[in-house]
Amino acid sequence: MTGSKDSIVRIDDAEYVTPASLRGLSGDKASDQAGGPLERDSDDVHPLRRSFLRLYACLFVAYLCSATNGFDANTFGGLSAIDTFVSYFGITPSNQGLVAALYVIGNVAGCLFAGPCADRYGRRVGMASGSVVCVVGAVLQATARDLRTLMGGRFVLGLGAVLVQTAGPAYVTCFFLGTIVSTWLEYGLNFVDGTPEWTWRLPLAVQALPSILVLMFVWFIPETPRWYIGQGRIDKAREILTRYHGDGDPNCPIVALELEEMQEVISANGSDKRWWDFRALFNSRSARYRTFLIACIAFFGTWDLPPTSYYFPLMAKTAGITSERTQLLLNALQTPIMMAAALSGLRWQDRLGRRKLLIASSTGMSLSVAVITACTAQQAGRPVVGGVGIAFVYVFLVVFAFAWTPAQSLYPTEVLAYSTRAKGLAFMNLLVNVASVFNTYVPPVAIARASWRFYIFYILWDALGALVIYLTFVETRGRNLEEIDHIFEAENPKAASLEPVPRKSRHGTYPRKAFAEGAA
């Protein structure tokens, strides 16, 4: 998951340590680690050890940042199916796209200073300030008496959300936690007779919940050790690593190893200290390659289909399903289905690799949209055909969530260098949101005018995505962040990434898994 490599050492079969990485240790200690404990079986490393439990609690607070985005992702889509909400604010096909897109436009505006804020003041300040803005946006929406105030609230909420997402790690489960609560809350409240005003104001207010929780607990979690190193505060970084990775032992070898690796790649005078300087994303061949990859993740992961989180009820109506309650149920069902697929896909990210999954997923998405297009074109007077089209929307969501949902969080943090990660993620968020403005604003108008023909664009785009991934994407499976840096220095990064990672080379490459156990 995104942030997991940033926060805890990976203890699986796929990461490796070379003796060069041990030069921060004394000769005897390095020799000991290379001889005895490294060769022991590492099954004794317990995921419920005390230091890890503390770490999990800290990470959960940070991961609530994803729930903020999850709440909005489906709240407006469900509300757009409720007649009393639509009539109260006068939402029509001509303005529905703009109302939905204002959240994304707020994201675009926030991208301009989200990265510099996290770089200069730290991740905790970024999470806290973003959460405050999100609470203000949620209050504006929940108390809105006219469309203008509702639209302003959506813009403010989007502004705060991008601050939170850039500073805090993304986590699939917490994103879906937000969407599940919002969609099923809307479905349950639809059973209230007459759907009074409070039944759609309550979901708007609940959007503030994860931000309030973050504000309550963010000051009890530590700043990231990599940020401290970037500020030149090495002792503070060592203290954090010792507490959460070394079970309180300042002489723990894994702490020395991690600290040295971080210091090798993090500059205390890098471009991340200059808020205005985005040149590091483009000033070298490897930097441009990394930026190209995150741009691909942004556009191919966004222009895959009209966002079902906003427009599932509209797509269901286009397929011939007119019942408000049925539309809300279909909207609510997509979230647990996608969550199950995403969590299942996470398991396979390290088994099959990012490239294989993304290629297969994009191919399956293109085929699914082709079936959806054909069924939508032929559904008039044929309820069964319309039903098949809706079924393939779920097929599409499963195929997408299995590979793309984990990769959208994981892959950018892996391919970006640490010194440019905050700005790189902010830049990616900018691209995602620019793409989302199109994909959120256009569909209601395009579907009303072109109907099923509008989906042809997505068939072709998803197919192009599979081809681009095959030709250019590097494989990051089995390597830690520092090792990935070396891939991008190769003449052909994609080819270099496809070379097998040796378990033990003639130069003495050792599994990080064994090293982690020796440190425990």
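The shown structure was predicted, so the numbers you read here are calculated from the model rather than taken from an experiment.

**Thoughts on the nonpolar core**
Now for step 1: Among the nonpolar cores identified, the biggest contains 58 residues, and Leu293, Phe396, Trp404, Tyr455, Phe473 and Val474 are the most heavily contacted of them.
Now for step 2: Mapped by element, the contributors of at least two residues to this core are α14 (285-300), α15 (308-318), α16 (324-352), α17 (354-378), α18 (383-415), α19 (421-450), α20 (456-472) and α21 (481-487).
Now for step 3: Apart from residues lying up to four places away in sequence, Trp404 is in contact with Cys296, Ile297, Phe300, Gly301, Leu358, Ser361, Ser362, Met365 and Ile469.
Now for step 4: Membership of the second largest hydrophobic core comes to 36 residues, among which are Cys58, Trp227, Cys252 and Leu257.

**Some thoughts on the environment of Leu333**
Now for step 1: The topology assignment puts Leu333 in helix α16.
Now for step 2: Residues Leu333 and Thr183, spaced 150 residues apart in sequence, show a C-alpha to C-alpha distance of 8.3 Å.
Now for step 3: Those residues in contact with Leu333, other than ones at most four positions away along the chain, are Trp184 and Tyr394.

**A short note on the side chain of Thr242**
Now for step 1: Within the element layout of this structure, Thr242 appears in helix α12 (residues 234-245).
Now for step 2: In terms of polar contacts, Thr242 uses its side chain to reach the backbone carbonyl oxygen of Arg238, at 2.7 Å.
Now for step 3: Among residues more than four places away in sequence, those in contact with Thr242 are Asp247, Gly248, Asp249, Pro250 and Val255.

**Observations concerning the packing of aromatic side chains**
Now for step 1: Overall, the coordinates contain 21 aromatic pairs when judged by the stated rule.
Now for step 2: Considering the side-chain rings of Tyr88 and Trp200, the 5.2 Å spacing of their centres and the 55 degrees angle between planes classify their relative orientation as tilted. Of this pair, Tyr88 sits in helix α4 (residues 83-89) while Trp200 sits in helix α9 (residues 198-206); the two residues are 112 residues apart in sequence, bridging distant segments of the chain.
Now for step 3: Taken together through their ring pairs, the aromatic side chains of Phe299, Phe300, Trp303, Phe438, Phe454, Phe457, Tyr458 and Trp461 make up a single cluster.
Now for step 4: In this structure, Arg351 packs its charged tip against the face of Trp348, placed 5.2 Å from the ring centre.

**Considerations on a nonpolar patch on the surface**
Now for step 1: Together, Tyr121, Val125, Ile212, Met216, Phe217, Trp219 and Phe220 make up a nonpolar patch on the protein surface, roughly 730 Å² of accessible area in all.
Now for step 2: Element by element, the count of residues in the nonpolar patch is highest for helix α10 (residues 209-217), at three residues.
Now for step 3: The residue Val125 is located in helix α6 (residues 123-142) in this model.
Now for step 4: Given a relative accessible area of 31%, Val125 falls into the partly exposed group.

**Examining the environment of Gly387**
Now for step 1: Within the fold, Gly387 resides in helix α18.
Now for step 2: Of the residues examined, Gly387 reaches a relative accessible area of 35% and is grouped as partly exposed.
Now for step 3: As for Gly387 and Ile372, which are separated by 15 residues in sequence, their C-alpha atoms are 10.0 Å apart.

**Examining the packing of helix α5 (residues 93-121) against helix α7 (residues 147-167)**
Now for step 1: Between α5 and α7, the least distance of the axes is 6 Å, while the angle of their chain directions is 35 degrees. Crossing geometry of α5 relative to α7 is assigned as right-handed.
Now for step 2: Along the lines of polarity and charge, the residues of the contact of α5 with α7 split into 21 nonpolar, eight polar and one charged.

**Considering the pattern of salt bridges**
Now for step 1: Scanning the model with the defined rule gives seven salt bridges in all.
Now for step 2: Close ionic contact of Arg238 with Asp235 constitutes a salt bridge, the shortest N to O distance being 3.0 Å. Of the two residues, Arg238 and Asp235 are both situated in helix α12; the distance of three residues between them amounts to about one turn of the helix.
Now for step 3: By relative accessible area, which is 59% here, Asp235 ends up exposed.
Now for step 4: Between Asp485 and Arg290 there is a salt bridge, with the nearest N and O atoms lying 3.3 Å from each other. One end of the pair, Asp485, is in helix α21; the other, Arg290, is in helix α14, with 195 residues separating them in the sequence.
Now for step 5: Classification of Arg290 by relative accessible area gives buried; the value is 6%.
Now for step 6: Because the salt bridges share partners, they merge into one network encompassing Arg145, Glu197 and Arg201.

Cut-offs applied
- Residues numbered from 1 in each chain as written.
- Predicted model: local features only at pLDDT ≥ 70, side-chain atom pairs only at ≥ 80, totals over all residues.
- Heavy atoms only, no water.
- Core = buried A, V, L, I, M, F, W, Y, C linked by side-chain atoms within 4.5 Å.
- Buried < 20%, exposed > 50% of the residue type's maximum accessible area, 1.4 Å probe, protein only.
- Helix = DSSP H or I, 4+ residues; strand = E, 2+ residues; numbered from the N terminus.
- Contact = heavy atoms within 4.5 Å.
- Polar contact = N/O pair within 3.5 Å; in protein donor to acceptor, adjacent residues only side chain to side chain.
- Phe/Tyr/Trp six-rings, centres within 6.5 Å; stacked < 30°, edge-to-face > 60°.
- Lys NZ or Arg CZ within 6 Å of the ring centre and 35° of its normal.
- Patch = residues over 30% accessible without salt bridge, like charges linked within 9 Å, V, L, I, M, F, W, Y side chains within 5 Å.
- Areas by Shrake-Rupley, 256 points an atom, 1.4 Å probe, with all protein chains shown as cover.
- Salt bridge = Lys/Arg side-chain N within 4 Å of Asp/Glu carboxyl O.
- Axes fitted to C-alpha atoms, helices over the stretch in contact; angles between N-to-C directions.
- Left-handed = near helix turned anticlockwise from the far one by under 90°.
- Nonpolar A, V, L, I, M, F, W, Y, C, P; charged D, E, K, R; others polar.

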